[in-house]
Amino acid sequence: MSTVTPTPPFVFDYPPDPPYYRITVEQYHEMCRAGILGEDDRVELLEGWIVEKMTVYPHHRLSMMRTRRALERLLPPGWHVGTQNPITTGDSVPEPDISVIRGSLDDYPDRHPGPNDLALVVEVSDASLRRDQTTKKRIYARAGIPVYWIINIPANRVEVYADPTGPADAPDYRSRTDFGPDEAVPFVIDGVEVGRIAARDLLP
C-alpha cells in the first residue's frame, strides 16, 4: 500500500478543437426526456460536453460485477449499489461503473442521485484510464463525492481517492492510496469504515 498526494495535470480529453457548444445538465436531461438521447446511446455529459462512453470489454465487465458483489456483502442498511447508473452533479451527468447510493431505488423515481446521496463512486479503468484519472476525478472532486475508486486494470491495483476539495480552480482529492492485489481496500461510508475488501476480489 502506498499513500501519495496526487498532483495530476489539469487535462481535458475533450472537446475537439475548435470547441463546440456546451449544454447544461437541464438541457441534457430534457434531451433524454424528449427521446433525442435514449438508453442505446452510449454517451454521458461531462462538464457540459456530450462524450461517448468507452467500450466495455469482458475483463471490464468481470471486474465491475465482482466489485458490485463485494460491496453488497458489506453494505449496511439504508444503502444500495448502482451499476452504470447516471448521477447528477452541477455540470455533469456521468455514469460511474459502480456507485453506493443512499436509500433504495424507490427513493429516486424522478431524479438521479446527486453528490449528497453518494458514499462512493467507482470506475473500472482500462481504455478509459486517462479520462478516469483526470476528467472524471475532477468532476467527482468538484461535486464533493467523498470517496472515489479507480480499479486500474493495466496496473493491477486499486486507487482510492478521498478528501475532495469541492469547487476549486483545479478540483482534486487531497489523498490517494494505492492497493495491490495482496492488500485490503477499506470500504468507507459517511466517514466510517464498514469493512475491507481484498483488492484481488475487485480486479479481473
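For the structure, see preceding data.
Nothing here was measured: the structure is a model prediction, and the numbers come from that model.

Student: Explain the nonpolar core here, please?
Tutor: Nonpolar side chains in soluble globular proteins tend to end up buried together. By size, the foremost hydrophobic cluster in this structure holds 26 residues, and its most contacted members are Leu71, Val100, Leu120, Trp149, Val185 and Leu202. Among the elements of the structure, helix H2 (58-74), strand S4 (79-83), strand S5 (98-102), strand S6 (118-125), strand S7 (147-152), strand S8 (157-164) and strand S10 (184-189) are those that each provide at least two residues to this core. Tallying contributions element by element places S6 first for this core, with four residues. Among residues more than four places away in sequence, those in contact with Leu202 are Ser63, Thr67, Ala70, Trp149, Ile151, Val158, Val185 and Ile197. Listed in part, the 17 residues of the second largest apolar core include Val51, Val121, Ile145 and Tyr173.

Student: Quick question: what am I supposed to make of empty space enclosed by the protein here?
Tutor: To find the voids left in a structure, one rolls a probe of water-molecule size over its atoms. Summed over all chains, the structure comprises one cavity of 30 Å³ or more. If you trace the largest cavity, you find 17 residues lining it, with Lys53, Met54, Asp97, Glu123 and Ser128 closest to the centre. Those elements that provide at least two residues to the lining of the largest cavity are S6 and helix H3 (129-143). For the lining of the largest cavity, the element with the highest residue contribution is H3, accounting for three residues. Residue composition of the lining of the largest cavity, by class: three nonpolar, four polar and 10 charged.

Student: Explanation requested: the packing of aromatic side chains in the structure shown.
Tutor: We describe a pair of aromatic rings using the distance from one ring centre to the other and the angle between the two ring planes. Using the criterion set out here, one finds five aromatic pairs in the structure. Consider the rings of Tyr148 and Tyr173, whose centres lie 6.3 Å apart with planes at 35 degrees: the pair is tilted. In this pair, Tyr148 sits in strand S7 while Tyr173 sits in strand S9 (residues 173-179), placing the two residues 25 residues apart along the sequence. You can call Tyr173 buried: its relative accessible area is 1%.

Student: How should H2 be read in this particular structure?
Tutor: Because the α-helix completes a turn every 3.6 residues, residues three or four places apart line up on one side. Between the first and last C-alpha of H2 there are 25 Å, a value that for 17 residues agrees with the 24 Å anticipated at 1.5 Å per step. Residues His60, Ser63, Met64, Thr67, Ala70 and Leu71 constitute the buried set of H2. Looking down the long axis of H2, one finds its buried residues gathered within 135 degrees of arc, a one-sided arrangement. With respect to the buried face of H2, the exposed residues turned more than 90 degrees away are Pro58 and Arg73. Residues of H2 that are buried make contact with S4, S5, S6, S7, S10 and strand S11 (192-198).

Analysis parameters
Residues numbered from 1 in each chain as written. Predicted model: local features only at pLDDT ≥ 70, side-chain atom pairs only at ≥ 80, totals over all residues. Heavy atoms only, no water. Core = buried A, V, L, I, M, F, W, Y, C linked by side-chain atoms within 4.5 Å. Buried < 20%, exposed > 50% of the residue type's maximum accessible area, 1.4 Å probe, protein only. Helix = DSSP H or I, 4+ residues; strand = E, 2+ residues; numbered from the N terminus. Contact = heavy atoms within 4.5 Å. 1 Å grid on protein atoms, 1.4 Å probe; cavity = no way out; pocket = protein on both sides within 12 Å on 5 of 7 lines; lining within 4 Å. Points joined across faces, edges and corners; volume = space filled by probe spheres on them. Nonpolar A, V, L, I, M, F, W, Y, C, P; charged D, E, K, R; others polar. Phe/Tyr/Trp six-rings, centres within 6.5 Å; stacked < 30°, edge-to-face > 60°. Expected span 1.5 Å × (residues − 1). Arc of directions from axis to C-beta.

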